[in-house]
Amino acid sequence: MGRVIRVRSLMSWVGKPLKRVEDGTLLRGRGRFVDDLDPVPGAYHAAVVRSPYAAARIVSVDVSAALESPGVLGVVTGREIAEVTRPFPAVVDTPVAFRAAAVDEVRYAGEPVAVVVARDRYRAEDAAEMVLVDYEATTPVMTPRAAAAAGSIVSDRSFVYGDPMERLGEADLVVQETFTFPRWTGAPIETFGVIADWSVADDSLTVWTNFQGPFTLHMVAASALGLPRSKLRLITPPDSGGSFGVKAAVYSYVVLMGAVSRLLQVPLRWIEDRLEHLAASGSSTERVTEVTAGFTSNGELISLAYDVVEDVGAYLRAPEPATLYRMHGSLNGAYRVRDVSARNRVVLTNRCPTSLNRGFGGPQLYFALESTMAIAASRLGIDPTQMARRTLIGAGDFPYTTPTGAIYDSGDYDRCLDDVLDAIGYAEHRRLQNAAREDGRLVGIGISCVVEPSVSNMGYISLAETAEERAGGLPKSGNTEGATIAMSPGGGVVVQISTTPQGQGHRTVAAQIASDVLGLDPADIEVVAVLDTHVNAWSIASGNYSSRFSGMGAAAVQKVAGELAAAIKQVAAQEFECAVEDVELREGMAAVVGQPDVSVSLRRIAGKAHWNPEGLPEGVAPGLRFTSFVSAPNLDSAADDDTITSSAAHGFVVDVAVVEVDRHTGAVEVLDYATTHDAGTILNPALVDGQIRGGFAHGAGVALLERLAYDEDGNLLTSSFMDYLCITAPEIPPLRTTHIETPSPFTALGAKGLGEGNTMSAPVTIANAVRDALGIEHVELPLTPPRVWEILEERA
């Protein structure tokens, strides 16, 4: 396992709060999103006929009336789609095949049953209502517990590290509690979109779509279409209106629309509406976790056991059950506990299949773990900050290998705790809390300590298989990213990345990094973020997930820019008749170190490279165009003992929340909130602030307002923004943010991901504050006024 050697640059654009280069276009309304694209003139419009039932057999599908509707080209049923596609492959074999559209049976409300194609969207939508489907309703299974009881378990694995049962016998306090984390979604402003064009000439498919990756799912889609990988070309638009994970799931509609384009032999476009998105795109898993934890009398955590039931919806849709295993390396959280076990059961219910969602397993894990820590602190009569401090991993312990195999690369958790307590004025808030309680006010303070993994190991999902099952397949490990850079004859520099940004500002940071390496101003660097699988340098790990840009995308840009810089220095050294190591790049010039007057512009060097290739130094290829790949140095395959380095880098987040509960209405008001982050080297402070605030908004949303709710028949009760209470600016609590930086030894720039940490920490931090305010142990999310008011009534 190697370590990354960093190259210091003469300039220092990295680390500066450079304004986003993306914003000029967006603020002028000139962004180009998938619905703005018109790559195939005359494309038809598609509308999806969806099941109103959560569980039913399809008796018949009558499309005759729809076919007679003006402007309708055709109607394709699920059975016809099944004739030209295959079930989607999955990590775990299940008895229920997942297809692009239902054939004989529907398993969730909103499942595609047929697709109508017409000259415009209006005619397509109207005709979709004319498709008559005769259903025979059956009884749905709607909760994880009911699914487990009914035997709807598609994966059941147990893991033991150390001897948690023996250690539990040594404990002075045993906490055994069950926690449920609800389904919720990222709700991006832009929904799914697909433009599909099947080529009859060579049986290939080109798709323009706002897919975010990971590009393992490109292989999944190609397999379902029955195509060689080279015959499925995916192209992402220049801009994307957010994703927060869910747009990974658009691949199933790539297959659906691709199959329809093939059958009708026309190009077509489909743009999802908001009702479809809430009902049928994807969401987080719902997780029920029973925790059994042992503590010493002074608050040290010594034993930890999880029993998890994970609801992935109607089908095991790839990459699931990844939500359950993404955090496997961090089951111990931020604590030194060495004896850990877990039983993981994955169940199917009659709800929409789950997908990536910001935090991706972290909110579920930490809601259980950090709630347990708060409950134990209360029972032991120990301040929760002191409780955490007594078990936190020490600064001298890094790199720290967890019981489950993760390598925590760097950190100073105690310092982070000190910083957040200072930032919020913890001692003063405790004093004010006591005064408020004397006045009859319900004020509480909550804390959480969260390890935030980034740059996922592509092999962690293999833990869903046993070691024997893994041995029969291809080993899976690592995380790889590529980038391309080119210098034109006039000296212009273009960088091409494959990280499919969804609003994070990847183009801005890529320009900063390349500028540092090449001695240019970021304004001189053009960064192209469109990913075309026939053009870009990409790998199966490419895409936008697990906060991987700062660790992998940035490293790829730095490496490939370094290769261009090396070529430029060789050409300059030839001209200067000096050693290559004596050349430096700064302010658009190549110069001899210590002799600023001996210099030449990069434009001149570019011209020489392109116009006089025969005069180039030996070893410098003509063209000044380079493509390079990087791979995380510390991500091995899962071991036979089920340990795995599940992520390459690990940040740290400590949060403190102060809340007040209105005893008359149950309303929860967040009075103060502070968070301290260690994300290694900060590449752009302005973008960091935006990512933290965005992650916090998502976490606060599920803590206070957001939940995808269903009735017992499987109907979605939160089917629009009238009912799904997506958090908005007025409801986002105040936030104080501080940082420390302990650079990662495993990433090129020392950076770690930070876009998901507060989505992981905010739900349990706010819940712990409400626990403290009400003097109770059991709370359920979201903490809406009616739900909290019921607790108050029970206590009255």
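Residues numbered from 1 in each chain as written. Predicted model: local features only at pLDDT ≥ 70, side-chain atom pairs only at ≥ 80, totals over all residues. Heavy atoms only, no water.

S.K.: Outline the sheet that holds strand β12 (residues 268-271), listing residues and values.
M.R.: What the seven strands build is an open sheet, ordered β3-β5-β1-β12-β9-β10-β11; its pairing is mixed. The strands lining the two open edges of the sheet, one partner per strand, are β3 (72-77) and β11 (232-235). Put simply, the sheet's adjacent strands are angled 25° from each other on average, direction ignored. With two bridges connecting them, strand β1 (residues 44-50) and β12 associate as parallel partners. By the bridge assignment, His-45 is partnered in β12 with Arg-269. (Pairing = 2+ DSSP bridges. Helix = DSSP H or I, 4+ residues; strand = E, 2+ residues; numbered from the N terminus. Axes fitted to C-alpha atoms, helices over the stretch in contact; angles between N-to-C directions.)

S.K.: Mind laying out the sheet that holds strand β24 (residues 595-601), listing which residues take part and the relevant values?
M.R.: Read from one edge to the other, the open sheet built from three strands follows the order β22-β23-β24, with strand pairing classed as antiparallel. Each end of this open sheet is capped by a strand with a single partner; those strands are β22 (583-586) and β24. Each adjacent strand pair in this sheet contributes to an overall mean axis angle of 35°, direction not counted. In the sheet, β22 pairs with strand β23 (residues 589-592) via four bridges, with the strands oriented antiparallel.

S.K.: Could you give an account of unusual backbone geometry, naming the residues involved and the relevant values?
M.R.: Omega for the peptide link from Gly-213 to Pro-214 comes to 0°, which places this bond in the cis form. Considering the arrangement of structural elements, one finds Pro-214 in the loop between β10 (204-209) and α7 (216-225). In this structure, the amide linkage connecting Phe-398 to the following residue, Pro-399, adopts the cis form with an omega of -5°. Mapped onto the elements of the fold, Pro-399 is located in the loop between α12 (384-389) and β16 (400-401). Within the chain, Leu-624 stands out as a residue other than glycine whose phi angle is a positive 50°. Here Leu-624 lies in the loop between α18 (602-611) and β25 (625-631). Look at Leu-624 and you get buried, because its relative accessible area is 0%. (Buried < 20%, exposed > 50% of the residue type's maximum accessible area, 1.4 Å probe, protein only.)

S.K.: Go over the nonpolar core, please, and point to the residues and values.
M.R.: Within the largest apolar cluster, 174 residues are counted, with the highest numbers of intra-cluster contacts made by Leu-232, Met-257 and Tyr-306. Of all hydrophobic cores here, the second largest spans 55 residues; its members include Ala-555, Val-592, Leu-687 and Leu-749. (Core = buried A, V, L, I, M, F, W, Y, C linked by side-chain atoms within 4.5 Å.)

S.K.: Hey, could you go over the pattern of salt bridges for me, with residue numbers and the actual values?
M.R.: Across all of its chains, the model carries 37 salt bridges by this definition. We note a salt bridge from Glu-105 to Arg-107, for which the minimum N-O separation is 3.2 Å. Across the pair Glu-428 and Arg-431 runs a salt bridge whose closest N-O atoms are separated by 2.6 Å. Within this pair, Glu-428 and its partner Arg-431 are both found in helix α14 (residues 426-438), separated by three residues, close to a single helical turn. Since its relative accessible area comes to 39%, Glu-428 is described here as partly exposed. It is possible to trace a salt-bridge network through shared partners that takes in Arg-183, Glu-286, Asp-311 and Arg-351. (Salt bridge = Lys/Arg side-chain N within 4 Å of Asp/Glu carboxyl O.)

S.K.: An account of the packing of aromatic side chains is needed here, citing residue identities and associated values.
M.R.: Tallying each qualifying case throughout the model produces 17 aromatic pairs. Relative to Phe-367, the ring of Phe-179 lies with its centre 6.2 Å away and its plane at 85°, an arrangement referred to as edge-to-face. Here the residue Phe-179 occupies a position in strand β8 (residues 173-181), and Phe-367 occupies one in helix α11 (residues 362-380), the gap between them amounting to 188 residues. The same class applies to Phe-179 and to Phe-367, which are both buried. Where Phe-192 meets Tyr-253, the ring centres are 6.1 Å apart and the plane angle is 65°; that geometry is what we call edge-to-face. (Phe/Tyr/Trp six-rings, centres within 6.5 Å; stacked < 30°, edge-to-face > 60°.)

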